[in-house]
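Here is what each chain is made of, one letter per residue.
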Amino acid sequence: MKQITSAQNPYIKSLVLLQEKAKARKQSGTFLIEGMREIELALKGKYEIETILFLPELISNNHPSDSELAKQIAKLANNPIEISKEVYQKLAYRDTTEGIIAVAKTKSLQLDDLILPENPLLLVMEAIEKPGNIGAMLRTCDAAKIDAVIIANPKTDLYNPNIVRSSVGCLFTNQIATGNTEEVISFLNKKNITIFGATLQNSQFYHLQNYTTASALVVGTEATGLSQAWRDNKVKNIIIPMQGEIDSMNVSVASAILIFEAKRQRGF
């Protein structure tokens, strides 16, 4: 089995770039996944693992019950690599370490690749920048088991390590597609999916709407809300009533409220 002990190894340097640069991820078509649970979820989500890097002492010391599982996962890669503590510390992104990192291939994120049921429930995020918010929303979408997530006008690389980490692997459990706002609106209209836009202007209370037919819940940034393109189309504007001094809440919290109201109406 191949071993790498130096953090100055050219291959290790290329992996560091994958952690730090969206351009490197895009050019190589690969990204890093850190942690046992996340790798398992990626495999279930049919992500292709290019290689596994692992530090045996951390796997056996911190997760003795997972040591055999780690070996099984390593076998799924054509060329698992045993690394030193120095190398692992160079690559590890999280504060808590588990001793295993996968190099995985990115997936196509085309709208036409989405496989939707007859009455789908989708979440559309427009121009959300903070990886933590995206990760939190992906966790909610997984918890609610909605049919797909669409990111319109993406401002952050989906395979940003902060999204991988904050989604705790739910990046891999959701169907996800991206596109510009016009493409997304066209896709939803083509599929006869009713669009519900979370916005302050000319809105009705969210809980008075019917989400039991094909529905897309659309949320935008907390600073500017949804772009004009949504208002220029057949969008039903919805609002979560506020009783305090502010007129909006964190976008991940708002999306969770909308999603679970829709799921409640659908009988969960």
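Attention here is on the structure that accompanies the text.

### Examining the sheet that holds strand E10 (residues 204-205)
For step 1, the next point in the chain: Pairing within the open sheet is parallel, and its seven strands lie in the order E8-E7-E6-E11-E9-E12-E10. Across the chains shown, the open sheet's two edge strands, defined by having one partner strand only, are strand E8 (176-179) and E10.
For step 2, the next point in the chain: With five bridges connecting them, strand E6 (residues 121-126) and strand E11 (residues 215-219) associate as parallel partners. Paired with Leu122 across the two strands is Ala216, which belongs to E11.

### With respect to the state of the cysteines
For step 1, the next point in the chain: The final tally for this structure, using the stated rule, is zero disulfides.
For step 2, the next point in the chain: Note on Cys141: no disulfide assigned, nearest cysteine sulfur contributed by Cys170 at a separation of 9.0 Å.
For step 3, the next point in the chain: The exposure class of Cys170 is buried, given its relative accessible area of 7%.

### As for the packing of aromatic side chains
For step 1, the next point in the chain: Within the structure shown, the criterion is met by six aromatic pairs.
For step 2, the next point in the chain: A ring pair is formed by Phe31 and Tyr47, whose centres lie 6.0 Å apart and whose planes are at 80 degrees; its orientation type is edge-to-face. Separated by 16 residues along the polypeptide, Phe31 in strand E2 (residues 30-34) and Tyr47 in the loop between helix H3 (36-44) and strand E3 (49-54) bring together distant segments of the chain. You'll find Phe31 and Tyr47 in the same group, each marked buried.
For step 3, the next point in the chain: Ring geometry for Phe196 versus Tyr211: centroids 4.7 Å apart, planes at 65 degrees, classification edge-to-face. Here the residue Phe196 occupies a position in strand E9 (residues 194-198), and Tyr211 occupies one in the loop between E10 and E11, the gap between them amounting to 15 residues.
For step 4, the next point in the chain: Look at Phe196 and you get buried, because its relative accessible area is 1%.
For step 5, the next point in the chain: In this structure Tyr211 comes out as buried when scored by relative accessible area, which is 0%.
For step 6, the next point in the chain: Following the ring pairs from residue to residue traces out a cluster consisting of Phe31, Tyr47, Tyr159 and Phe172.

### Things to note about the nonpolar core
For step 1, the next point in the chain: Judged by nonpolar contacts, the single largest core of 46 residues is most densely connected at Leu123, Met125, Leu138, Phe172 and Leu217.
For step 2, the next point in the chain: Beyond its immediate stretch of four places on either side in the chain, Phe172 contacts Phe31, Ile33, Glu38, Leu41, Ala42, Gly45, Tyr47 and Val164.
For step 3, the next point in the chain: Counting residues in hydrophobic clusters, the runner-up holds 21 residues, among them Phe187, Ile195, Val218 and Trp230.

### Remarks on the pairing of strand E5 (residues 100-105)
For step 1, the next point in the chain: Counting buried positions along E5 gives five out of six residues, so the element sits mostly inside the fold.
For step 2, the next point in the chain: As paired elements, E2 and E5 share five bridges and run antiparallel to each other. Opposite Glu34, over in E5, you have Ile101 as the bridge partner.
For step 3, the next point in the chain: Strand direction decides the pairing type here: E3 and E5, joined by five bridges, are antiparallel. By the bridge assignment, Thr51 is partnered in E5 with Val103.

### Section: the side chain of Ser167
For step 1, the next point in the chain: Its location among the elements puts Ser167 in the loop between helix H8 (161-166) and E8.
For step 2, the next point in the chain: A polar side-chain atom of Ser167 sits 3.2 Å from the main-chain amide nitrogen of Leu171.

### Considering the sheet that holds strand E1 (residues 2-4)
For step 1, the next point in the chain: If you walk across this open sheet you meet the five strands as E1-E4-E3-E5-E2, and the pairing is mixed. Because the sheet does not close on itself, it has two edges, and the strands there are E1 and E2. Strand-to-strand twist of the sheet, defined as the mean angle between neighbouring strand axes without regard to direction, takes the value 25 degrees.
For step 2, the next point in the chain: Strand contacts of helix H1 (residues 10-20): E1, E2, E3, strand E4 (81-83) and E5, with the helix running at about 85 degrees to E2, the strand carrying the most contacts.

### What to know about the pairing of E11
For step 1, the next point in the chain: Most of E11 sits inside the fold, with five of its five residues counted as buried.
For step 2, the next point in the chain: Covered by surrounding structure in E11 are Ser215, Leu217 and Val219 together with Ala216 and Val218, the residues of both alternating faces.
For step 3, the next point in the chain: Bridge count for E9 against E11 is four bridges, and the pairing is parallel. Bridge pairing links Thr194 to Ser215 in E11.

About the thresholds
- Residues numbered from 1 in each chain as written.
- Predicted model: local features only at pLDDT ≥ 70, side-chain atom pairs only at ≥ 80, totals over all residues.
- Heavy atoms only, no water.
- Pairing = 2+ DSSP bridges.
- Helix = DSSP H or I, 4+ residues; strand = E, 2+ residues; numbered from the N terminus.
- Disulfide = S-S within 2.5 Å.
- Buried < 20%, exposed > 50% of the residue type's maximum accessible area, 1.4 Å probe, protein only.
- Phe/Tyr/Trp six-rings, centres within 6.5 Å; stacked < 30°, edge-to-face > 60°.
- Core = buried A, V, L, I, M, F, W, Y, C linked by side-chain atoms within 4.5 Å.
- Contact = heavy atoms within 4.5 Å.
- Polar contact = N/O pair within 3.5 Å; in protein donor to acceptor, adjacent residues only side chain to side chain.
- Axes fitted to C-alpha atoms, helices over the stretch in contact; angles between N-to-C directions.

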